[in-house]
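Survey of secondary and tertiary structure
Read off the chains here:
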Amino acid sequence: MDKEKCLEMLRSMLRIRRFEEKAIEVFSEGLMGGVLHTYIGEEAVAVGVCSNLRVDDYVAGTHRGHGHCLAKGAPSDRMLAELMGRKTGLNKGKGGSMHTIDFSKGILGSNGIVGSGIPIVVGAALSAKMRGTDQVAVAFFGDGATNRGSFHEGLNLAALWDLPAIFVCEDNKWAISVPKRRSTKLEDLSVRASSYGMPGVSVDGSDILAVHQAAAAVVARARRGEGPTLLVCDTPRARGHEEGDPQDYRPKDDLEAAKRRDPIEGLKTYMLGAGMLTGDEFEAVDKAIVQEIMEAERFARQSPFPRPEEALDDLFAEVH
């Protein structure tokens, strides 16, 4: 892995981390509606996968979707404005945290319904195949979604039609408060891929170099028209299901183990050891990202709310 690519991925992971920390601050001030699910600790998955994608490729995220959107190129200022319900937000302040969309970046949307991004991505992949492009479509979802009908139906159709789809399971082993061992017999979820006639790949989701390498192979395979892949990333959830979750159901040692697997610290350590980065250079990169997020906060706070009469805008499309 060359230095520039590592720096690009380091910046992207730091952008997600600092954005989520700022979102927690804003949420704690009561300036955000609804609930807040952060992506802290799972940054290597979104960044490792999206670092192999083009702008015209498609992604669909989850209720924990800020990281997916930022990794795919969504601007942090309009993202934060959306979370705060401002008119300058990605979706004019009407989508909020769980429904961020940016078609200009191929972001088909985060979604509060578990597993619902999978059929959306199957449709996008079918569109790419019918139009004869080499675009790929990526669905992110958690381990809990693998027990839903949308997962089984989506993977079956994608395999049947040899679609350029990549199904990325973020296996943090907690479907809200239900441990995976109580809902799923399998430990390695990638073996489910064989039931649909597609490859299954498992990778350490805290190791961004491993995620990037695995994703590079499956993205290239999809672009060649060789069909879909299930990519399972073992990634820890460093915080609760949502902010305010006391996590009484979670053993303390599990939470501590998750915090020790910080993907940002992992990449930093690798780059320092390889002579790609100095401590001062890391601080400079982080400082620049912190400044970006501070400017995003300023933009969001100064932005107006939508007017009441705009409530029905964009609900209907003209049919010609």
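My aim in this report is to walk through the structure given alongside it, one point at a time. (Residues numbered from 1 in each chain as written. Predicted model: local features only at pLDDT ≥ 70, side-chain atom pairs only at ≥ 80, totals over all residues. Heavy atoms only, no water.)

1. Structural notes on the side chain of T184
Of note, T184 is situated in the loop between β5 (178-179) and β6 (200-204). Residue classification places T184 among the buried residues on the basis of a relative accessible area of 6%. A polar side-chain atom of T184 sits 3.0 Å from a polar atom in the side chain of N147. Here S183 takes part through its side chain, which lies 3.3 Å from a polar atom of the side chain of T184. (Helix = DSSP H or I, 4+ residues; strand = E, 2+ residues; numbered from the N terminus. Buried < 20%, exposed > 50% of the residue type's maximum accessible area, 1.4 Å probe, protein only. Polar contact = N/O pair within 3.5 Å; in protein donor to acceptor, adjacent residues only side chain to side chain.)

2. Description of the environment of A165
Secondary-structure assignment places A165 in strand β3 (residues 165-171). Each C-alpha atom of the pair A165 and T229 lies 6.9 Å from the other, and the pair is 64 residues apart in sequence. Sequence-distant contacts of A165, that is, excluding residues within four places in its chain, are made with V121, A125, A137, A158, G227, P228 and T229. (Contact = heavy atoms within 4.5 Å.)

3. Considerations on the sheet that holds β3
On the basis of which strands lie adjacent, the open sheet formed by five strands has the order β1-β2-β3-β7-β6 and parallel pairing. Each edge of the open sheet is held by one strand with a lone partner, namely β1 (58-60) and β6. Taking the axes of each pair of neighbouring strands and ignoring which way they run, one obtains an average angle of 20° across the sheet. Sitting on the sheet, helix α5 (residues 117-131) is in contact with β1, β2 (137-142) and β3, with an inclination near 170° to β2. The strands touched by helix α6 (residues 149-160) are β2, β3 and β7 (229-234); relative to β3, the strand with the most contacts, the crossing angle is about 150°. (Pairing = 2+ DSSP bridges. Axes fitted to C-alpha atoms, helices over the stretch in contact; angles between N-to-C directions.)

4. Let's talk about a nonpolar patch on the surface
A cluster of nonpolar side chains, contributed by L157, L160 and W161, occupies part of the molecular surface with about 290 Å² of accessible area. Relative to the assigned elements, L160 resides in helix α6. (Patch = residues over 30% accessible without salt bridge, like charges linked within 9 Å, V, L, I, M, F, W, Y side chains within 5 Å. Areas by Shrake-Rupley, 256 points an atom, 1.4 Å probe, with all protein chains shown as cover. Salt bridge = Lys/Arg side-chain N within 4 Å of Asp/Glu carboxyl O.)

5. Overview of the nonpolar core
Ranked by internal contacts, the top residues of the largest apolar core, which has 61 residues, are V168 and L267. Looking at which element gives the most residues to this core, the answer is helix α1 (residues 3-28), with eleven residues. Leave out the neighbours within four places in its chain, and L267 touches C6, M9, L10, M13, I208 and L209. (Core = buried A, V, L, I, M, F, W, Y, C linked by side-chain atoms within 4.5 Å.)

6. Quick notes on α1
In this model α1 runs 37 Å from its N-terminal to its C-terminal C-alpha over 26 residues, within 8% of the 38 Å that 1.5 Å per residue would give. Among the residues trailing α1, G30 stands out with phi positive, at a value near 80°. (Expected span 1.5 Å × (residues − 1).)

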